[in-house]
Structures are given as C-alpha cells and as structure tokens.
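Chain and residue survey
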Amino acid sequence: MANELRLVEAIRQALREEMARDESVVVYGEDVGVSGGVFRATQELQDEFPEQVYDAPLAEAAILGMGVGLGATGFTPVPEIQFASFAYQGFHQLVQHASRMRSRTRGTLGVPMTVRMPYGGGIRALELHSESFEAGFAHVPGLKTVVPSNPSDAKGLLTAAIRDPDPVMFLESTSRYRAARESVPEGEHTVPLGEAEVVREGADVTVVAWGAMLHEAMSAVEDAEADAEVVDLRTISPMDSATILESVRKTGRCVVVHEAPRTGGLAAEITARINDDALYHLEAPVERVTGYDVPFPMFAREEAYRPDEERIRRGIERALSA
Amino acid sequence: MVRDQVADFSVEYVQALDEEGDLDAAQAPDVDDDQLVEMYRLMRLSRRADERAIALQRRGESGTYAPAIGQEAAQVGSAIAMTPDEWMVPSFRESAAFLTRGAPFHRLLWYAMGMEEGAEVADANFPPAIPVGTQPLHAAGIGWGHEIAGERKAALTYFGDGATSEGDVYEAMNVSGALDAHAVFFCQNNQWAISTPRETQTRAETLAQKAVAAGIEGVQVDGNDVLGVLSVARDALESAREGDPVFVEALTFRRSMHTTSDDPSVYRTEEQESEWETRDPIVRFEAYLRNEGLLDDDRVDRITDEIEELLADEIDRAKAGREQVVPAEMFDHVFAETPPELQRQRETFEREQGDGEVASAEEGMSGEERAAGGEVSGRGDVREERETSEDEEVSGRGE
Ligand SMILES: Cc1ncc(C[n+]2csc(CCOP(=O)(O)OP(=O)(O)O)c2C)c(N)n1
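Basis of the calculations
- Residues numbered from 1 in each chain as written.
- Chains lettered and ligands numbered in written order.
- Predicted model: local features only at pLDDT ≥ 70, side-chain atom pairs only at ≥ 80, totals over all residues.
- Heavy atoms only, no water.
- Helix = DSSP H or I, 4+ residues; strand = E, 2+ residues; numbered from the N terminus.
- Rg over C-alpha atoms; globule rule 2.2 N^0.38 Å.
- Buried < 20%, exposed > 50% of the residue type's maximum accessible area, 1.4 Å probe, protein only.
- Pairing = 2+ DSSP bridges.
- Contact = heavy atoms within 4.5 Å.
- Axes fitted to C-alpha atoms, helices over the stretch in contact; angles between N-to-C directions.
- Patch = residues over 30% accessible without salt bridge, like charges linked within 9 Å, V, L, I, M, F, W, Y side chains within 5 Å.
- Areas by Shrake-Rupley, 256 points an atom, 1.4 Å probe, with all protein chains shown as cover.
- Salt bridge = Lys/Arg side-chain N within 4 Å of Asp/Glu carboxyl O.
- Lys, Arg positive; Asp, Glu negative; His and termini not counted.
- Charge placed at Lys NZ, Arg CZ, Asp CG, Glu CD.
- Phe/Tyr/Trp six-rings, centres within 6.5 Å; stacked < 30°, edge-to-face > 60°.
- Lys NZ or Arg CZ within 6 Å of the ring centre and 35° of its normal.
- Buried area = accessible area lost by both parts, 1.4 Å probe.
- Polar contact = N/O pair within 3.5 Å; in protein donor to acceptor, adjacent residues only side chain to side chain.
- Nonpolar A, V, L, I, M, F, W, Y, C, P; charged D, E, K, R; others polar.
- Right-handed = clockwise from strand over helix to strand, strands pointing away.

Digging into the overall build of chain A
Within chain A one finds twelve helices and 14 strands. Over its C-alpha atoms chain A spans a radius of gyration of 19 Å, differing by no more than 12% from the 20 Å that the globule rule assigns to 322 residues. With the C-alpha coordinates aligned to their principal axes, the bounding extent of chain A is approximately 60 × 40 × 40 Å. Here chain A holds 322 residues, and 65% of them are scored as buried.

Okay, here's the thing in structure tokens:
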C-alpha cells in the first residue's frame, strides 16, 4: 500500500507512527503543539498524543540540552528546531554533550535524539532562515546528519533516525516541504541511515547531490547532452563513500552540488575521498557547483546565490570538456 | 537552626493614562503640547505603515513582515525617550521605534522586500536582530563601552516575552549589572511568542522580576499607555546613563498576526483579541488629547492625510529601489577587503550573469588556468539577467 504525500506529510506520518509504536518518543519544540509547528509538520499530533507532544519555551539550548538528559535516561527525544539557523543557540549542547556522550562514557550512556529542522533557501524567507549548515554538523564526530530529498525517503529516514541509538540531525528542505506529492509506503517503512542511492543510472558523469539540490540536479541532467548518473547522498554523515566511488569509477567524472557555501563544504570532502580512492579512474577534476562564500543573501538576491539547473549544467559541461 | 529571610523583592507597576484616557498626574512625564501631538502622529504613522506593509505582502510585493500593531505606545514612548545619539538595539518588530527615530519607511520595506539595503544602518540604530534574544548582549557591550569611556549615554534594546527564555537575555542582564553597563532592557511583553502564550515561557509571575536575579532593577509598565512608558523609559535611561542598568517589562498585546505568515486564529480566541481592543494605545491617547483640547476632528484629519501622503511616497521609493537590486553586491562587504578566492567567485558570477560569454574559468579550474582567465567555451548562449521572482511563498507557513 502506498499513499500520495508531500514531504511535510510524510514527516508527520513518520512521527505519528513512531509515537504510536513507542511511547518513549517525545516530540517537542517551539510552537509544535497547539499550532502544529510553523511549517505544520506536527499538526494535530498533540491532540492524538497529548503525553508525547509538547510546546517548549523559546530556548534552543534548553531544547537540545534537555534532549541529552531525556535521551540518556530512557526517552527518545525528537525535538524540532524551528529553523536550522537557530540550532546555533544550542550548538554547544550538540558539540559538547550530545555528540560525545557515548564515547566519553565508554558506551554506557547514549543520546538517541533526532533533531528535526527546516533548512535551505528558495521560499523567500526572512534573513537567517535559509542557511545550510550541514557541513558544520558533519564536522562534529558523533553526530549523524540526514537530508531527505523526497517524501518516501523522508518517512523512511526519519523512522530510521528515531530508532537510531545516536543523535541525528534531520534537515528538512523548506522548499521541498510542499513541492510535490509522491508515493510513500504506508505502515512500517525505513530507509537505512548512511546509504546513498543511485537515483538515475548513467555512463558519462556522476552528479552527487542531496535535499533540494537533488531536484535541481535531476532537471539539469535531463537537459544535459551527457548520460549522467545521479547519486542522492541522503545521509551526509556518516557518508556512503562506497556508492559515490563505485559510480565515479564507472563514469570517470564527477560533479558535486550543494547549496551551502563552497569553502569547507561537503563537496570538498567528497572530492578528497575520490582523490583518496578513485583518483586513477578520474578523467577530469571533480567539479563543485555550490553556494558562494557569502552570507546567504536575503531573498532579493537568493536566486543569484543558489545553484540552479543552469549552473549545474555548466558544471557538467566543464567536467565533460576537461 | 537559624532561618533568616535574606532576600525580598517587589516589582512596581506604572500607569499614567488609564484605559479611558484619564491621566494620573503623579505618574505623568513632563511633555510639552507639541511633543504630545507628535507622539500621537508617530503612533498613527506606525499603525498605518504596518497596515500598508501587510497589504504589500498580501499582494506579493514584499516578503514576510512582523507588524507592531498594538505595540505603538511601548515603542514610541520608549524610543522618544532616547537621545538621537544613543544606540537602539532592536529585534524584528520595531517598526514604530524605527519610525520614531526618524528611519524612513522605505528602508523598513526594503528589508521586508529581502534587500540588504534595508539593514544599512543610519544614525545610532542597530539593524534588526532576527534570532530571538541575541541582541541584548550587543546593548550590554555598547553600554559597557559607555561605562569604560565615561560617557553619560545608554543603549536601549528591544525584545519580546519569548526572548526572556533565551539564555543570552539573562547573560546580558547579568553582565550589565556586574560591569555597570549603561543598558536598558526593554521587553515588550505582547503576551505571545508566535503561538506560545507567556505562561508557557515561565512560571515567574512577572518578567520584570527576572532582573532581580541579575541584581538590576526591574519595573513593569502599562505598555499601552504611551505616557507611562515615556516616564518609565526616561527614568530607566537616566539610571542606565549612571551605570545602573534597568529591565523594563511593558505589558502590551500583539493585536495582529506574529508575522504575515502566521494565523493567530489557530491559537487564540476572538475574545482575547477583543479584550485588548478596548485597551488600544492609540484610542486611549487620542481620547486624552481630545480632552486636553490638543486634538479635534480637523487636526486628526490633517494628520491622517499627511500620513497617507508620506507613506505613498515612501512606498513608491521602496518599489523603485527594488527594481535596482544588483545581485553581484552579495559579494561586497563580506569583508572590508575582498579576499582573492571570493573575488574570483564574484568574477565567475558576473561572467555567468553578464554578457553571455560563458567562459570556462569557472568553478574547479586549476590555479594557473584561473590566472589566465580561462578559455572561452564557445557555447556563447546568452543568459538573461534573471528577474527576482515574485512568486508566492511556497512555504505556506514558513515564518
Ligand atoms: C533563536 C531563535 N529561535 C527561534 C526563532 C523563531 N521565532 C521568531 S520570532 C519567535 C517568537 C518570538 O517571540 P517574542 O520574543 O515574544 O517576540 P514577539 O515576536 O512576540 O515580538 C520565534 C520562536 C528565532 N527567530 N530565533
């Protein structure tokens, strides 16, 4: 059985099913209860699960820090950070505690917290509401970072994240929340963390993307002259190098796309991994199509900032012409 | 065992003008007639400016906007108490305070239109802080600077009731107390943080008492009473100028939506809203001014006309400016001096945006190729300057 759902609805379904399955799952955050969240991801869940869904005071350090306490002592916290840019207010709790609780206690305590947050641009949002801090999370050992690109994966990955014994940053693209309805399996559906997916097979060039950019990449390859293979990374940390490497060994060329700034971005890490393990298969340098090294502009300039079909197509052409 | 009570505190509440517009002379600030009428004009201007901004957003002419409707007395009464060279450190809901301090409306609109131009600061105004509760620390820094420099000035920062739950706000009050920073913490308790009522933020009976733990003075004022606010703000600023920071809790109500993306009917009742309608700050003040003979129908009409004209001009100006946005300016001002790699990104961007000569000196070239400027790919397809899309927000509910 499958259902046609939008990404935001798939997320709600995963939360509903996990709360029903496991009463240790607690959903909380700013405005998630009565109003159902600013993007409506938790709409009506409080009515259904009054003991498991809570409005929290406006305090991200508290939201994430309490998650450490809840998580280490038997609950499965699933806090929402209203916008990814406000996770910084609790970043110290992630870096100093949530991520390292397991290693510093030699495995005796862990934090099975899944932190959901909207990220990325494309919806003409306010200043500081469109950033992609994915590389920052990926840089913290002990955190997993997941970015679904479609409704079915959103449900499957969120379910897997909630069941995962370690802290997971779950980034939801604001521009994909209501972008399209797609078929989502009803009932039990998990997508393993740490596994990329080849979403389009091709022979000439590998394009790696995730989240909203996966869709830009797919449109770009439709128009490109080349036969591109597209990899949806899905989990950016821990990263599934094997799938990327296998693809690059086949195509000999690679373009990595992300919306986050270029310097220190995930494309740099992916390029390094290819250099480490598939250098001699490369027929051209790995191309990066990314955001620029500027603060994410307010929306009058955001289109100029975000990689789009056109820029990705150029990246593919450069990879092919080298 | 000895048990002594070692601390005791109380919080004062101030009101000068009651809901009927009657004045308690003992609480009234010293203000001349012209200034009284000016405060009225500013409150009317702010209300109307917000209404126009909401309408522009609804027509797709502008982005998300956070109106201050209902909070005009709190903002006008406090902003007017500052000297023009004292720093205001605002949050995202301070349209009335900005207008009081002479900021032109088109700048507020530019900000709502997603243009950095709207956050360019003029005079002693910090740009609006979008993260909740981070900016009081900036006021603490400015105010500490005044203490170090021995200046009789104070910084005033605005934030909401929700913000008082953030750690930064407590840190700001605490360091200010410890270091004698010349800061006034002006909390507009408008009862709601998006859908979250004030009771969910804290079990404390007043927000003003949060100052007590930081060792600074906390006071409550009727935030819909512009004269009471002026009086309290003046006292607070005077105290802060001497190195004694003050926390002011202005009790008010957000009459409108949280932002133009919000729908308050989901979380509050019409009853709650109409209850506060009767306490509207402008109605009350107008009644007082009419009683005093400072306003009559004629004068009110003239003020109304002036405001309409002013705002129409400002809106035209905002729209004209929007047509002139240069996307490449996103690379400017990231640093005082643009580093080479960023300069290279800027050049690539301009080439791609520009005359259609698609060069291959783009992302991913070797250093030498880059230095040589790259060879022309020969595709030469012309790429039109992309228009800023006026699409509706797709988020539905994104803030
Ligand atoms: C650190 C941070 N967390 C969350 C948000 C999202 N957000 C924007 S405004 C707001 C509520 C603010 O309430 P309050 O401080 O009472 O001010 P008001 O909006 O009522 O003026 C929230 C949660 C944010 N901007 N910053």
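What to know about the sheet that holds strand β2 (residues 88–89) of chain B
Residue and element names in this part refer to chain B. Strands sit in the order β1-β7-β8-β4-β3-β2 across an open sheet of six strands; the sheet is parallel. The strands lining the two open edges of the sheet, one partner per strand, are β1 (12–14) and β2. The pairing of β2 with strand β3 (residues 155–160) spans two bridges and is classified as parallel. Bridging from a neighbouring strand, methionine 88 pairs with leucine 156 of β3. Across the sheet, helix α5 (residues 136–149) is in contact with β2, β3 and β4 (183–189); its angle to β3 comes to roughly 165°.

Observations regarding a negative patch on the surface
Where like charges cluster on the molecular surface, the negative patch consists of Asp296(B), Asp298(B), Asp301(B), Asp305(B), Glu306(B), Glu309(B), Asp313(B) and Asp316(B). As for its placement among the helices and strands, Asp298(B) is situated in helix α12 (residues 297–322).

Topic: the packing of aromatic side chains
In total, this model carries 18 aromatic pairs over all chains according to the counting rule given. For the pair Phe39(A) and Tyr177(A), a centre-to-centre distance of 4.8 Å together with 35° between the ring planes defines the contact as tilted. In this pair, Phe39(A) sits in the loop between β2 (25–29) and α2 (45–48) while Tyr177(A) sits in the loop between β7 (168–173) and β8 (182–185), placing the two residues 138 residues apart along the sequence. Residue classification places Tyr177(A) among the buried positions, given a relative accessible area of 1%. One aromatic cluster is present, formed by Tyr292(A), Phe296(A), Tyr305(A), Phe331(B) and Phe349(B) through successive ring pairs. The ring of Trp276(B) carries the charged tip of Arg279(B) above its face, separated from the ring centre by 4.2 Å.

As for the pairing of β2(A)
Residues and elements named next belong to chain A. Most of β2 is tucked away: five of the five residues are buried. Residues Val25, Val27 and Gly29 of β2 are buried on one face, and the alternating residues Val26 and Tyr28, pointing to the opposite face, are buried as well. Relative to strand β4 (residues 76–80), β2 is paired through five bridges, and the arrangement is parallel. The residue bridging glycine 29 from the neighbouring strand is glutamate 80, located in β4. Bridging between β2 and strand β3 (residues 53–55) involves three bridges; their strand directions are parallel. Looking at β3, one finds that glycine 29 is bridged to aspartate 55.

Overview of the pattern of salt bridges
Applying the stated rule across the entire model yields 53 salt bridges over all chains. Across the salt bridge formed by Glu238(B) and Arg152(B), the nearest N and O atoms sit 2.7 Å from each other. Placement of Glu238(B) in helix α9 (residues 226–241) and of Arg152(B) in the loop between α5 and β3 is noted, with a sequence separation of 86 residues between them. Sharing partners across several salt bridges, the network here consists of Glu310(A), Arg313(A), Arg314(A), Glu317(A) and Glu352(B).

Focus on the interface of chain A and chain B
A common measure of how large an interface is: the accessible area buried when the components associate. In this complex, chain A contributes 48 residues to the contact, which on the side of chain B involves 60 residues. When the two sides are added together, the surface that chain A and chain B hide from each other amounts to roughly 5000 Å², 52% of it contributed by carbon and sulfur. Ionic pairing is found between Glu352(B) and Arg314(A), a salt bridge with its closest N-O pair at 3.3 Å. For the interface between chain A and chain B, the tally reads 13 residue pairs in polar contact (both at pLDDT 80 or more). Mapped onto the side of chain A that touches chain B, the elements with two or more residues apiece are β14 (287–291), α11 (302–305) and α12 (309–321) of chain A. The element best represented in the side of chain A that touches chain B is α12(A), accounting for six residues. Looking at side-chain class alone, the side of chain A that touches chain B contains 22 nonpolar, six polar and 20 charged residues.

A look at the side chain of Asp240(A)
As for its position among the elements, Asp240(A) is in the loop between β12 (235–237) and α9 (241–251). For the buried Asp240(A), which has no salt bridge, the nearest side chain bearing the opposite charge is Arg234(A), at an N-O separation of 6.8 Å.

A look at the sheet that holds strand β11 (residues 228–232) of chain A
Residue and element names in this part refer to chain A. Taken together, the five strands give an open sheet; going across it, the order is β9-β11-β10-β13-β14, and neighbouring strands pair in mixed fashion. Edge strands, defined here as strands with exactly one partner in the open sheet, are β9 (197–200) and β14. Between one strand axis and the next, the sheet turns through 25° on average, direction left out of account. Taken together, the three bridges between β9 and β11 define a ladder with antiparallel strand orientation. Residue pairing in the sheet places valine 198 in a bridge with valine 231 of β11. Contacts from helix α8 (residues 212–223) reach β9, β10 (205–209), β11 and β13 (254–261), with the element oriented near 170° to β11.

Focus on the pairing of β10(A)
Residue and element names in this part refer to chain A. Burial analysis of β10 places five of its five residues in the buried class, the great majority of the element. Covered by surrounding structure in β10 are Val205, Val207 and Ala209 together with Thr206 and Val208, the residues of both alternating faces. For β10 and β11, the ladder comprises five bridges, and the chain directions are parallel. Looking at β11, one finds that valine 205 is bridged to alanine 228. Each parallel crossover has a hand, and the one from β10 via α8 to β11 is right-handed. Across three bridges, β10 lies against β13 in parallel orientation. Looking across to β13, one finds that threonine 206 is bridged to cysteine 254.

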